[in-house]
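Take a look at the letters that make up each chain.
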There are 2 protein chains.
Amino acid sequence: MKVQIIGIGLIGGSFALDIKSTFPESKIFGTDADEKNLEQAKELGIIDHPAAIEDVKNADVVIVAVPVDVATKLIIEVLDQVEEQCLVFDAGSTKSGLCKALATHSNRRNFLAAHPIAGTEFSGPEAAIPNLYRNKTNIICEVEKTAFKLQERALEIFQRLGMRIRYMDPVSHDRHIAYVSHLSHISSFMLGKTVLEKERNERDIFDLAGSGFASTVRLAKSSPAMWSPIFQENKENVLETLNEYINNLTHFKELLEKDDFREIYKEMQRTNHIKSILNGIN
Amino acid sequence: MKVQIIGIGLIGGSFALDIKSTFPESKIFGTDADEKNLEQAKELGIIDHPAAIEDVKNADVVIVAVPVDVATKLIIEVLDQVEEQCLVFDAGSTKSGLCKALATHSNRRNFLAAHPIAGTEFSGPEAAIPNLYRNKTNIICEVEKTAFKLQERALEIFQRLGMRIRYMDPVSHDRHIAYVSHLSHISSFMLGKTVLEKERNERDIFDLAGSGFASTVRLAKSSPAMWSPIFQENKENVLETLNEYINNLTHFKELLEKDDFREIYKEMQRTNHIKSILNGIN
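Residues numbered from 1 in each chain as written. Chains lettered and ligands numbered in written order. Predicted model: local features only at pLDDT ≥ 70, side-chain atom pairs only at ≥ 80, totals over all residues.

1. Observations regarding the packing of helix H6 (residues 170-198) of chain A against helix H10 (residues 235-257) of chain A
Residue and element names in this part refer to chain A.
Here's step 1: The interhelical angle for the contact between H6 and H10, taken along N-to-C directions, is 60°, at an axis separation of 9 Å. The angle between H6 and H10 places the two elements in the oblique class. Classified by chirality, the crossing of H10 by H6 is right-handed. The segment H6 lies against H10, with Asp174, Arg175, Ala178, Tyr179, His182, Leu183, Ile186 and Ser187 engaging Asn237, Val238, Thr241, Leu242 and Tyr245.
Here's step 2: Its residues assigned to classes, the contact of H6 with H10 shows seven nonpolar, four polar and two charged. (Axes fitted to C-alpha atoms, helices over the stretch in contact; angles between N-to-C directions. Helix = DSSP H or I, 4+ residues; strand = E, 2+ residues; numbered from the N terminus. Parallel < 35°, antiparallel > 145°, perpendicular 65-115°, else oblique. Left-handed = near helix turned anticlockwise from the far one by under 90°. Contact = placed C-beta atoms within 7 Å. Nonpolar A, V, L, I, M, F, W, Y, C, P; charged D, E, K, R; others polar.)

In structure tokens form, the structure reads like this:
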């Protein structure tokens, strides 16, 4: 199996590692806009060979793992060149725009729109880790638009990598993901900003901050090159969630201002219920 | 060494476990407003004997680990009864009001105001764990007001439990902690609330949420009985941080509304710098 991975960072690189160990006969070809990434991926043993985009015509599987602002154009370029038996899938965090843009492509059936809910706050080939996808959810959109045989091949890869599959339409996907992923990133980035602005003396932050703070601002380490395009692509949904979040914070602030600690207590108590939901995640 | 711990939850119980293993000759007496907690602490082997508040007159060390709204009154009650050689310290997340209230107490020198930056999102005796305090910062306020010999005893306990000590005045403590701890809790609770309100179908949250979401809302599992009084005690500082946080989120929203993704990128890039600070925590 010839697998070409375009974008050899955390996501693409982790696919490379797992596919190589799960399908030992496979050859991994790597493509990246950044020559340094490619060299590093080669040195780290993540890919077998560097490759150009045009080489997708020889591939059995193409995985596109690049920021969502360049993904659409790139996937069209790939679909333009692939052979009939080639499976192309992506791993991006937004799906509506992409699916719409590909809807009328003559090779649409070669493509499967995927979003593995997996990652860390790090990026680049050195961030790639084995088993990143084990026990993680992989959301597949518009599965009916992908050729049966290629659906089968994709499912085999996903299952052997240990993923749980969930099917969803692209519009619902983008709406849900705005809540459980995109908003968390904004909340974390702005929390980090607020504290950094205040605490000029970093030594103080370092000394006084505990694991709670670290956990809440962990996502503020994420890559702006990856996240800025996500917010752009999913702007309307993100704005909606952000408005609701700001409203909830403002309401909490008003309760605090009028010393309504009974209601503050209740607000927290009602939200405690999130425990039972989170127990299922990691 | 007779150690009486008032409030046998996560914080008090974890002190009990470590003191018992570090000072094997010590006897741990437990006091709690909730009879069930006491029984459970006894069953779990966290305390040797239940005790009443009045028993503090026989104690060498008294640790007060109760919500901050009842701590002040309770510490006064304890100080009223302790012998000259008894060390009393607390572990509360707010310090200004407490230190002011105790300033003129005739036994002020028996008291040491402490705040170990340690904890988890869980509570109660069953949440108590060994080594909770290892490599954690312990902030001590107004150390000069504690008797020399009792400072020494406290430092010995803190050092043998593996804590790093940092001295700070109570007003600075409350201001700094509002940023690196109290605000994180509000941000997390309101994020949890926003998502719960939207996603009536919990199964969807569970399936789509990844470790990033889990990390950002982890603190929303925290105890309202502990946190509502903290927000009350530190109201002015918390309001200030909350205002700045809401302003930063609103600014981000405005950038999004006017499609200024260059500036959104820069905002995130500037905050990425928090990486180097967080590397020191955990």
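Now that the structure has been shown, the text picks up again.
2. Comments concerning the nonpolar core
Here's step 1: Ranked by size, the top nonpolar core spans 178 residues in total, and within it Val62 and Val88 of chain A together with Val62, Ile63 and Val88 of chain B carry the most contacts.
Here's step 2: Leave out the neighbours within four places in its chain, and Ile63 of chain B touches Val3, Ile5, Ile6, Gly12, Phe15, Phe89 and Ala91 of chain B. (Core = buried A, V, L, I, M, F, W, Y, C linked by C-beta atoms within 7 Å. Buried ≥ 20, exposed ≤ 12 C-beta atoms within 10 Å, placed from the backbone.)

3. Describing helix H3 (residues 68-81) of chain B
Residue and element names in this part refer to chain B.
Here's step 1: The end-to-end C-alpha separation of H3 is 20 Å, in line with the 20 Å expected for 14 residues at 1.5 Å each.
Here's step 2: Within H3, the full set of buried residues consists of Val68, Ala71, Thr72, Ile75, Val78 and Leu79.
Here's step 3: On its buried side, H3 packs onto strand E4 (61-64), strand E5 (87-90), helix H4 (96-102), strand E6 (111-116) and helix H9 (224-233). (Expected span 1.5 Å × (residues − 1).)

4. A few points about the domain arrangement of chain A
Residue and element names in this part refer to chain A.
Here's step 1: Under the domain assignment, chain A is made up of domain 1 (2-168) and domain 2 (173-278).
Here's step 2: Of note, the centres of domain 1 and domain 2, computed from C-alpha atoms alone, are 30 Å apart.
Here's step 3: If you look at the interface, domain 1 gives 14 residues, while domain 2 gives 16 residues.
Here's step 4: For the side of domain 1 that touches domain 2, the residue count by class is five nonpolar, six polar and three charged. (Domains from an automatic or database assignment.)

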